[in-house]
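# Working through the structure, step by step
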Amino acid sequence: MHRPSTLSSRPSALPPGRAGSSAQSAALRLLEKRQEWEAIAALDEATEEIVKSLEQLAAQGNVMADGGRAVASVMNNWPNVLRVISLFAKDSSGSAAVETKEETAGDGELPRLVRIDANSLAQGN
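Not measured: the values here are computed from a predicted model.

Reading the values: the criteria
- Residues numbered from 1 in each chain as written.
- Predicted model: local features only at pLDDT ≥ 70, side-chain atom pairs only at ≥ 80, totals over all residues.
- Heavy atoms only, no water.
- Salt bridge = Lys/Arg side-chain N within 4 Å of Asp/Glu carboxyl O.
- Helix = DSSP H or I, 4+ residues; strand = E, 2+ residues; numbered from the N terminus.
- Buried < 20%, exposed > 50% of the residue type's maximum accessible area, 1.4 Å probe, protein only.
- Patch = residues over 30% accessible without salt bridge, like charges linked within 9 Å, V, L, I, M, F, W, Y side chains within 5 Å.
- Areas by Shrake-Rupley, 256 points an atom, 1.4 Å probe, with all protein chains shown as cover.
- Lys, Arg positive; Asp, Glu negative; His and termini not counted.
- Charge placed at Lys NZ, Arg CZ, Asp CG, Glu CD.
- pLDDT = per-residue confidence, 0-100.
- Contact = heavy atoms within 4.5 Å.

Glancing now at the pattern of salt bridges. Applying the stated criterion across every chain, the model contains two salt bridges. Linking E36 and K33 is a salt bridge whose minimum nitrogen-to-oxygen distance equals 4.0 Å. Of this pair, E36 and K33 both sit in helix α1 (residues 16–88), three residues apart, roughly one helical turn. Two residues, D66 and R69, come together in a salt bridge whose shortest N-O distance is 2.6 Å. You can see D66 and its partner R69 sitting in helix α1, three residues apart, about one turn around the helix. Accessibility expressed as a relative area gives 55% for R69, which makes it exposed.

Shown next as structure tokens:
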């Protein structure tokens, strides 16, 4: 015996208008997810740029730190340089020729800081 199919007489699980809106809803959701993914990709690119900028800043900071160490080394050597200058600046009587007070500079000239007797230098040759 052959039974007739009941499938063709059964109504659809979703009404005809509802099936179209479901597809439309899925398309909207897909569009929202795609926009969300594009926003995340843009954030990822911005993050990479920020990381590169910070790495460049770190490298520049290291260069500045090295320069600071060099300046500190030079500054630490100044007392020794001034001591050597004062040893050579002594005149024949043994008094130091380094001036203790600054002379007033006129017309934008720098004050004279060290006085060396040229005659004693000429006699030393």
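Before going further, it helps to spend a moment on a negative patch on the surface. A contiguous patch of negative charge on the surface is contributed by D44, E45, E48 and E49. Relative to the assigned elements, D44 resides in helix α1. Note on D44: relative accessible area 44%, which makes it partly exposed.

Per-residue pLDDT for the protein chain averages 76, and the proportion of residues at 70 or more is 62%. For residues 96–106, every residue scores under 50 in pLDDT, and the model assigns this stretch 13 contacts once sequence neighbours within four places are set aside.

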